[in-house]
Amino acid sequence: MAKSDKTESTLSQKKLKSLPFTRFIPNLITLAALCIGLSAIQFSLNERWEIAVLSIFVAGLLDGMDGRVARILNSPSKFGAELDSLADFCNFGFAPAVVLYLYGLNQLGRIGWAVCLFYVMCMALRLARFNTLIDVPEKNQPLSSKFFMGTSAPVTAMLVLLPMIIDFQIAPNHLPDFISALLMVAIGCLAVSKIPTFSFKGGHIPRKYILPLFLFTLGTLAGLVMFTWSTLTFVGILYVSLIPISARQAKKEAAGK
């Protein structure tokens, strides 16, 4: 083999340097979430509404895992962050809008479609703002890690799907479609607002609250298995009721700096 060929081969080997499989696990979780979230559209086209909502819910659970797995495996990357943001837009912006439009907002004609477009644009703006803050040092962030600015993408999707979740419990009755439209506009505005909401990923839990929180979590998990739609409705209402508390807490922390 000629010397130049050996040199070229060595350079190729350096460029194709192998990477540990653990580097790809967070991205694989993100791609799995993307497949499951977008499958909600296919289920809704076949009028399998409950499975469509559950698909978006499962995508939200996986979305909460990929970042944590990346930190545990010490494999966060810019590529992973961009992929996660794109998956969030598809799973929690585009997919819920299409599902809700097919479920009933199409009965409102052009108004229903305009509401869906408004929601999708709000989610795009919310995720774009989030991306601009990724590389900003924590000390320069507008809020501490204990808070999100507006509602997170998975939570926004589940809140906007609440009319469908309530419908599953009161069937064969159906909430008026204009209620879903109004809620969609309100939740879209909440997502892009600057209202602080709890992120549940920062801070410390006082020892006296550990056992009650543990029992509450176990009860919620049991409720999701046995009474899925009632539990999701309860969790959604509880989350909304916590927003004034999170806003007050964030204001208090900002005043104490």
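Structure report, in brief. Everything quoted here is computed from the prediction, not taken from an experiment.

### Some thoughts on the overall build of the protein chain
Then, in step 1: Check the secondary structure of the protein chain and you find 10 helices and two strands.
Then, in step 2: What you see in the protein chain, going N to C, is helices and strands ordered as α-α-α-α-α-β-α-α-α-β-α-α.
Then, in step 3: For the protein chain, buried positions account for 38% of its 257 residues.
Then, in step 4: Within the protein chain, counting contacts between residues at least 6 apart in sequence, those at least 24 apart form 80% of the total.
Then, in step 5: For the protein chain, the exposed area adds up to about 15400 Å²; of that, 68% sits on carbon and sulfur atoms.

### Describing the environment of Phe 234
Then, in step 1: Turning to its location among the elements, Phe 234 is positioned in helix H10 (residues 228–256).
Then, in step 2: The exposure class assigned to Phe 234 is partly exposed, which follows from its relative accessible area of 45%.

### Comments concerning empty space enclosed by the protein
Then, in step 1: In total, this model carries one cavity of 30 Å³ or more according to the counting rule given.
Then, in step 2: A volume near 30 Å³ is recorded for the largest cavity.
Then, in step 3: If you trace the largest cavity, you find it lined by Thr 197, Phe 198, Phe 200, Tyr 239, Leu 242, Ile 243 and Ser 246.
Then, in step 4: Residue assignment for the lining of the largest cavity shows that the elements contributing at least two residues are strand E2 (196–198) and H10.
Then, in step 5: The element that contributes the greatest number of residues to the lining of the largest cavity is H10, accounting for four residues.
Then, in step 6: Along the lines of polarity and charge, the residues of the lining of the largest cavity split into five nonpolar, two polar and no charged.

### Describing the nonpolar core
Then, in step 1: With 45 residues, the main nonpolar core has Val 53, Ile 56, Tyr 119, Met 158, Leu 161, Met 164 and Met 184 as its most contacted residues.
Then, in step 2: Only helix H2 (25–45), helix H3 (49–72), helix H4 (78–103), helix H5 (110–132), helix H6 (153–160), helix H7 (162–170), helix H8 (177–192) and H10 provide two or more residues apiece to this core.
Then, in step 3: If you tally residues by element for this core, the top one is H3, at eight residues.
Then, in step 4: Setting aside residues no more than four positions away along its own chain, Val 53 makes contact with Met 158, Leu 161, Met 164, Ile 165, Phe 168 and Trp 229.

### Quick look at the packing of H6 against H7
Then, in step 1: Interaxial distance between H6 and H7 falls to 4 Å at its minimum, and their mutual angle equals 45°. Between H6 and H7, the angle is such that the two are oblique. Mapping the contact onto sequence places Met 158, Leu 159 and Val 160 in H6 and Leu 162, Pro 163 and Ile 165 in H7.

### Notes on the side chain of Ser 193
Then, in step 1: By the secondary structure assignment, Ser 193 is in the loop between H8 and E2.
Then, in step 2: Within the structure, Ser 193 has its side chain in polar contact with the backbone nitrogen of Ile 195 (distance 3.4 Å).
Then, in step 3: What Ser 193 contacts, discounting residues up to four positions off in sequence, is Arg 129, Met 149 and Gly 150.

Calculation rules
Residues numbered from 1 in each chain as written. Predicted model: local features only at pLDDT ≥ 70, side-chain atom pairs only at ≥ 80, totals over all residues. Heavy atoms only, no water. Helix = DSSP H or I, 4+ residues; strand = E, 2+ residues; numbered from the N terminus. Buried < 20%, exposed > 50% of the residue type's maximum accessible area, 1.4 Å probe, protein only. Contact = heavy atoms within 4.5 Å. Areas by Shrake-Rupley, 256 points an atom, 1.4 Å probe, with all protein chains shown as cover. 1 Å grid on protein atoms, 1.4 Å probe; cavity = no way out; pocket = protein on both sides within 12 Å on 5 of 7 lines; lining within 4 Å. Points joined across faces, edges and corners; volume = space filled by probe spheres on them. Nonpolar A, V, L, I, M, F, W, Y, C, P; charged D, E, K, R; others polar. Core = buried A, V, L, I, M, F, W, Y, C linked by side-chain atoms within 4.5 Å. Axes fitted to C-alpha atoms, helices over the stretch in contact; angles between N-to-C directions. Parallel < 35°, antiparallel > 145°, perpendicular 65-115°, else oblique. Polar contact = N/O pair within 3.5 Å; in protein donor to acceptor, adjacent residues only side chain to side chain.

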